[in-house]
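The lines below spell out each chain.
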Amino acid sequence: MINLLTIDWILLLEKLILIAIIVSVSLVVAMYETYAERKIAAFMQDRRGPNRAGPFGILQPLADGVKLFFKEEIIPNSSNKVLFVLGPSLAMLTAMLTCAVVPWGGDINLFGRTISLQIADVNIGILYVFAVVSLGIYGVMIGGWSSNNKYSLLAALRGASQVISYELAMGISLIALLMMTGSLSLKTIVEQQMASHWNVLYQPLAFLIFFVCALAECNRTPFDLSEAESELNMGYHQEYSSMKLGFYLFAEYVNMFISSAVMATLFFGGYDIPFFNEAAHADWGNWLGLLGVACFMIKIAIFIFVFIWIRWTVPRFRYDQLMNLGWKKLIPLALANMLITGGVILWLHK
Amino acid sequence: MITLTNRAKPVNRKPMTFLESIYLWNIFKGMMITLRHFFKKKATIQYPEQKRPFSPVFRGVQILNRDEEGRERCTACGLCALACPAEAITMEAAERMPGEEDLYREEKYAAKYEINMLRCIFCGFCEEACPKDAIYLTETFAPAAYNRKNFIYNKQDLLIPDPKTQPEEFAKARGLRENQKAKKEPFK
């Protein structure tokens with residue numbers, strides 16, 4: 001039996017507070033991603049976007065949320081009720097789970113304790129991210145299947161096959177990176193980048209492939225086949241209404257936030273402050289840690305902007321084009337990148 | 001091949017090269033276009049605060065006019081009702097009593113004047129038919145109403161505010177176009 005006195009209760013409390021903060025931050029960021037999406041879409045189409053709710057329309061996400069909550073909740077008679085509710089819950093859950101291993105910043109000192117701004121420094125961090133992200137497609141699959149609607153089912157199947165195809169290229173592109181870092185822990189990867197250069201300088205092709213696959217994993221345009229409005233009539237969440245629909249839409253934005261965070265961590269130095277030697281300014285203490293978090297957030301914001309920018313530029317791929325791109329272009333490229341990286345590493349260490 | 005115009009371009013049906021088929025360069029070009037639009041001047045007009053000027057021939061809701069002393073111009077001759085192709089106008093005439101000279105311009109006036117806005121087609125024939133310059137089409141839209149009854153505009157709805165007691169409302173109801181006309185040739 002575990003002796004309760006040996007558990008570090010303060011550590012538990014500290015982690016709980018950190019989890020609460022990170023979850024609420026990612027929800028707020030997801031909320032304002034919807035606002036950014038609408039605003040950027042409008043600007044790129046020579047419009048102004050939402051500007052009535054509050055100054056510059058910044059209360060628009062709140063209004064949208066309230067609207068979704070007050071909508072009528074409809075569960076189709078012919079649907080599988082349990083799975084119908086499980087679908088959006090799973091989508092949301094997996095979206096939130098990923099943020100556990102992302103290092104949000106360096107250590108900070110509070111009340112004489114050193115607090116790591118990472119919920120769990122797992123030594124297989126990146127594998128965990130992959131596992132949880134591939135679970136995310138179950139939300140889409142279950143929702144699409146349990147709706148008992150042929151369009152939803154088609155969309156869910158498309159989504160699943162798309163995720164499987166792109167996960168391969170994503171994994172292979174990442175292997176090249178992992179051969180360089182020699183570690184799966186996200187914290188170690190960030191620390192290596194802080195000591196030398198960002199990984200994107202060594203692995204630009206791997207980053208490009210990873211980025212394209214991240215678009216596909218988040219179901220973002222040009223890979224939003226599973227919610228193609230024009231062909232599949234909203235896709236897998238066609239039968240959903242009220243906050244269940246909101247959960248699906250929200251999970252997409254949370255996913256976008258997390259995948260931006262993962263990309264920033266893996267390729268752009270995480271919480272590293274560019275052109276700045278952190279080790280030389282260790283006397284700044286907590287301010288240095290907070291500055292790192294701010295830098296990380298700016299990197300994430302830039303990624304989110306690029307995600308949205310691409311969405312409002314590129315039309316959707318046809319299904320065969322999507323599969324061709326995934327299997328015939330990205331996977332060979334990723335494989336070649338992996339082989340070349342391996343060769344170069346062997347040659348350098350000879 | 002002979003083309004009708006020299007603008008015709010043959011379609012390029014060559015299979016894509018590997019670089020083209022991963023789309024990156026073309027997507028980048030497209031993104032530059034959207035980025036340029038991001039900083040462009042926006043075409044939106046913020047409607048309730050900003051309004052676009054109407055064309056000089058815009059035909060909005062009718063108004064019953066008054067003369068410069070605030071007297072109603074309409075004599076209930078019925079020409080507008082006769083001209084109306086949609087048969088939207090009805091009126092009842094009455095005789096001006098002694099002491100009402102500051103209310104009505106001539107001896108006869110319209111005691112009741114109604115336009116059914118659900119029938120009206122905003123053709124402007126009533127304005128053309130009117131010999132007394134008593135009815136004309138303003139730049140006001142037909143406002144919405146909650147029931148059909150409210151679409152039958154009576155004299156109160158149609159009559160322009162008195163220029164002597166409510167000059168501001170009068171100028172507003174008269175519309176931009178008529179105000180400009182009046183500035184050029186005051187009180188014809």
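Residues numbered from 1 in each chain as written. Chains lettered and ligands numbered in written order. Predicted model: local features only at pLDDT ≥ 70, side-chain atom pairs only at ≥ 80, totals over all residues. Heavy atoms only, no water.

Caption draft 1: Just the layout of surface pockets, in detail. Residues and elements named next belong to chain A. Reported here for the largest pocket is a volume of approximately 760 Å³. T34, D64, L68, L249 and Y253 are the residues nearest the centre of the largest pocket, which is lined by 29 residues in total. Contributions of two or more residues to the lining of the largest pocket are made by α1 (9–44), α2 (60–70) and α10 (242–267). Here the residues of the lining of the largest pocket sort into 13 nonpolar, six polar and ten charged. (1 Å grid on protein atoms, 1.4 Å probe; cavity = no way out; pocket = protein on both sides within 12 Å on 5 of 7 lines; lining within 4 Å. Points joined across faces, edges and corners; volume = space filled by probe spheres on them. Helix = DSSP H or I, 4+ residues; strand = E, 2+ residues; numbered from the N terminus. Nonpolar A, V, L, I, M, F, W, Y, C, P; charged D, E, K, R; others polar.)

Caption draft 2: Examining the packing of helix α5 (residues 150–181) of chain A against helix α12 (residues 319–348) of chain A more closely. Residues and elements named next belong to chain A. In the contact formed by α5 and α12, the axes pass within 8 Å of each other and the chain directions differ by 15°. Between α5 and α12, the angle is such that the two are roughly parallel. Taken as a pair, α5 and α12 cross one another with a handedness that is left-handed. Per-class residue counts for the contact of α5 with α12 are 19 nonpolar, eight polar and one charged. (Axes fitted to C-alpha atoms, helices over the stretch in contact; angles between N-to-C directions. Parallel < 35°, antiparallel > 145°, perpendicular 65-115°, else oblique. Left-handed = near helix turned anticlockwise from the far one by under 90°.)

Caption draft 3: Highlighting the interface of chain B and chain A. Between chain B and chain A, the contact holds 20 residues from the first and 22 residues from the second. In this assembly, chain B packs against chain A so that about 1900 Å² is buried in total across both faces, 68% of it on carbon and sulfur atoms. When the buried area of chain B at its contact with chain A is split by residue, M31, F38 and K42 of chain B rank highest and sum to 29% of it. Summed over the shared surface of chain B and chain A, the number is one salt bridge. Residues E49 of chain B and R52 of chain A are paired through a salt bridge, measuring 3.1 Å at the closest nitrogen-oxygen approach. Elements represented by at least two residues in the side of chain B that touches chain A include exactly α1 (18–21) and α2 (24–38) of chain B. Looking at the side of chain B that touches chain A, the element that brings in the most residues is α2 of chain B, giving nine residues. When the residues that make up the side of chain B that touches chain A are grouped by side-chain class, the tally is eleven nonpolar, six polar and three charged. (Contact = heavy atoms within 4.5 Å. Buried area = accessible area lost by both parts, 1.4 Å probe. Salt bridge = Lys/Arg side-chain N within 4 Å of Asp/Glu carboxyl O.)

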